[in-house]
Each structure stands twice: as structure tokens, then as C-alpha cells.
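Spelled out, the chains give:
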Amino acid sequence: MQRLVLIDGNAILHRAYHALPPLTTRSGELVNAVYGFTTMLLKVISDLKPQYLAVAFDTEKPTFRQMEYLGYQAQRPHMDKELSSQIVKVHEILKAFGIPIYELPGFEADDVIGTLAKKAISNMQYVISEVVIVTGDKDMMQLVGPRVKVYAPVRGMSEAELFDREKVFQKMGVEPGQIVDYKGLVGDPSDNYPGIPGVGPKTAVELLKKHKSLKNIYRHLPELPEVLVRKLTEGRELADLSYRLARIVLDAPIKVDLKKCQFKLEKEERERVAIKLQALGFKSLVARLRMGENGKEMRKGRKGSEQLTMV
């Protein structure tokens, strides 16, 4: 199996930052997000064994969604300086691994990943049999299909679950391809777009179970209760807006070089990474890296084994 793993850099970085205590190096630099991100990266390499690997990040530029709807993600606070200061170190570790980073101004990492996944699957030169997206963002589950899965952390940074179509349905109550329709109906408080006032998750799931899509729901308005018809009619523009904001772009203007995404972790790469990790005081992560070099499974180091200071 030729597997491409695409990591949602911002989602995993934020999760690491908030899941771990504020650890610092001996020199006082905060590195909890770097530690957590690298821990997840090693787990991904061990669990998924990718032949191809890439990471996507957001940029600081406004996205097309923010341009279309000023309220999009407006309630989210700016990234903490304590987190933003760690991004450079994460980039350095990825460079040491030889893992390419993809970013595109005006688009989110979600759009970059959606486009990379689609282009990789359709590339005839590199026969990618499966794409696995590593993220904690439920919106990404809309990309799940016969050759695309989502690998999501479920408890801190130590456990993760692989979502296929069946598991997405069990979790969300709708098919992966209906998630955008669902968000069109109910909106998304985390991204601050409204959906249709008065239409909740239970109603949305029932409507999509019967009518399959947002567009088809509106085609069958005469079959629905009068109260619901009024809500849907009055909320049509908001539904369309929410649908557009929720939909991940699959044709973003970004070039994909799968050759650069080919992943190997041999002696040269391990030494480069080990030097970076040692400089940060991540001794247990260096041990995991070297266990892998000896042909053993990379396992999580013993808790508290790092030479780090808790703030």
C-alpha cells in the first residue's frame, strides 16, 4: 500500500499547546506545543507507516471565507504569543525530518489538504492507494471516502482513532458527503457562522436522512411542516452562506510535488532530527527515535523523563 499522510499542522499544534502543561527548556523557552506536535508526529509515523508525508499550515493572510463573511471566526482570539513563538521550532523539526510544508495565502490548511488529497489520488505517476488526514478538526471528515480516512486524536496526544465512512456516520449522524449540508443547516459556533435560526442538529439529521442534501431539502419544501418551511425559507441565504463557508476547497491553486513528499526515516534523517530534539531537551523523544532505528516500535517515553521545567 502506498499511503500519503497529510497533517493539519495548525490543528495538531493547537491541540498540543492546550493539552500539555506549559513546559520550558532549561533556558526558559516554552516548548510544550513543539513537544506535543513531535510526539504526535512520531506516533503517526509509527502507526500509519507513510510512504509519503506532508504538513499543511494556515498563513496569517485573510482567507477567502473571511473576505466573504466578516464574522467568520471573528470570535476566535488571536494566537497566543506563547504558541506562535513555537511555530518556527516545529518547522525546523519538520525540515530535519525532510517533510515538506504546504501553505497558501488566502486559503486555510483544510483547503490545502483537500486539494493535496484530491491531486494525489488522481496522480497516475505515483499510485497513491490511500490518503490519511491527521487532524482534530471535524470539518475534515467531509473528505472521507473510499480512499481517504481521517486519523484524529481522541485523548490528549496519546491516543487516536482512524475514521472511515462508517465511523464518521456513527459520530456525526450523517454521511461524510453530507457534512457540508449539515453545516449549512445548523452552522458552526466554533467558526462563527449561523446556519438557519431554529434548525438544530436533530432536525438537520432527520432532513438529510430523508432528502440527502441541502439543495434537495429546498426542492421538497411542500412536503414539510409549515413551521419548518417558514424557518427554511427565511433562512435560505444564511444556509447557502454557511454551506459555502463549510465546504473545503478541492481545487486550490497549489502545486503538488509527490516526489518531495516521499518519506524515509533512515540514519541520516534520524541524526538530523535527534540533534534538534536534544537541543530542546526532549530526551525521551530521542529515545523513541532511536528505538525505531533499531527496528523496534517507537513507543512513548516514560512520563516525566524530559529535562524540562514546568512553568
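(A) Broad picture of the sheet that holds strand β7 (residues 159–163). Taken together, 6 strands build an open sheet; the order of strands is β4-β3-β1-β5-β6-β7 and the sheet is mixed. Pairing within the sheet leaves two strands with one partner each, and these edge strands are β4 (101–102) and β7. Alignment of strand β1 (residues 3–8) against strand β3 (residues 52–56), held across 5 bridges, turns out to be parallel. Counted as the bridge partner of Leu4 is Tyr52 from β3.

(B) View of the pattern of salt bridges. All told, the structure shown has 16 salt bridges when counted by the stated rule. Salt-bridge contacts for Glu161 lead to Lys167; the nearest nitrogen and oxygen are separated by 3.6 Å. On the basis of relative accessibility, which here comes to 29%, the residue Glu161 falls in the partly exposed class. Given the relative accessible area of 32%, Lys167 is considered partly exposed. Here Arg236 makes a salt bridge to Asp240, at a shortest N to O gap of 3.5 Å. On the criterion of helical spacing, the pair formed by Arg236 and Asp240 is a turn pair, its members being 4 residues apart in helix α12 (residues 236–246). Assessed through its relative accessible area of 35%, Arg236 is described here as partly exposed. Given the relative accessible area of 29%, Asp240 is considered partly exposed.

(C) Spotlight on unusual backbone geometry. In this model, Lys49 sits at a positive phi of 45°, which is unusual for a non-glycine residue. Within the secondary structure layout, Lys49 lies in the loop between α2 (32–48) and β3. Using a relative accessible area of 56% as the deciding quantity, one classes Lys49 as exposed. The phi angle at Asn192 is positive, at roughly 65°, despite the residue not being glycine. Tracing the backbone shows Asn192 in the loop between α8 (179–186) and α9 (201–211).

(D) Representation of the confidence of the model for the chain. The predicted model of the chain averages 91 in pLDDT, with 94% of residues at 70 or higher. Segment residues 297–311: pLDDT under 50, and 42 contacts once partners within four positions in sequence are set aside and those in other chains are kept.

(E) Just the pairing of strand β6 (residues 148–155), in detail. The element β6 is largely enclosed, with a buried count of 6 among its 8 residues. Where strand β5 (residues 130–134) meets β6, 4 bridges bridge the pair, whose relative direction is parallel. Each residue of the ladder has a partner; that of Val132, found in β6, is Lys149. Of the pairings in the sheet, the one linking β6 to β7 comprises 5 bridges and is antiparallel in character. Its bridge partner lying in β7, Arg155 is registered against Glu159. Linkage of β6 to β7, two consecutive antiparallel strands, is achieved through a turn of 3 residues, within which Gly156 is found at a positive phi near 60°.

(F) Spatial organisation of the pairing of β5. Burial within β5 is extensive, with 5 of its 5 residues counted as buried. Across the two faces of β5 the burial is the same, with Glu130, Val132 and Val134 and Val131 and Ile133 all buried. As judged from the 5 bridges shared by β1 and β5, these two strands associate in the parallel manner. Pairing of Ile7 across the sheet is with Val134, part of β5.

Cut-off values and rules
- Counting from 1, residues in each chain are numbered in the order their sequence is written.
- Only residues with pLDDT of at least 70 get local features here, since the model is predicted, and only at 80 or more are side-chain atom pairs given and counted; chain-wide, interface and lining totals rely on the full set of residues.
- Only hydrogens and water are set aside when side-chain values are computed; all heavy atoms of the structure are taken into account.
- When DSSP finds two or more bridges between a pair of strands, those strands are recorded as paired.
- Each helix corresponds to a stretch of at least 4 residues labelled H or I by DSSP, and each strand to a stretch of at least 2 residues labelled E; elements are numbered beginning at the N terminus.
- What counts as a salt bridge is simple: a side-chain nitrogen of Lys or Arg found within 4 Å of a carboxyl oxygen of Asp or Glu.
- Burial classification: accessible surface area is computed with a 1.4 Å probe over protein chains only, and a residue below 20% of its type maximum counts as buried, one above 50% as exposed, and the rest as partly exposed.
- Scored from 0 to 100, pLDDT records how confident the predictor is in each individual residue.
- Any pair of residues with heavy atoms lying within 4.5 Å of one another is described as a contacting pair.

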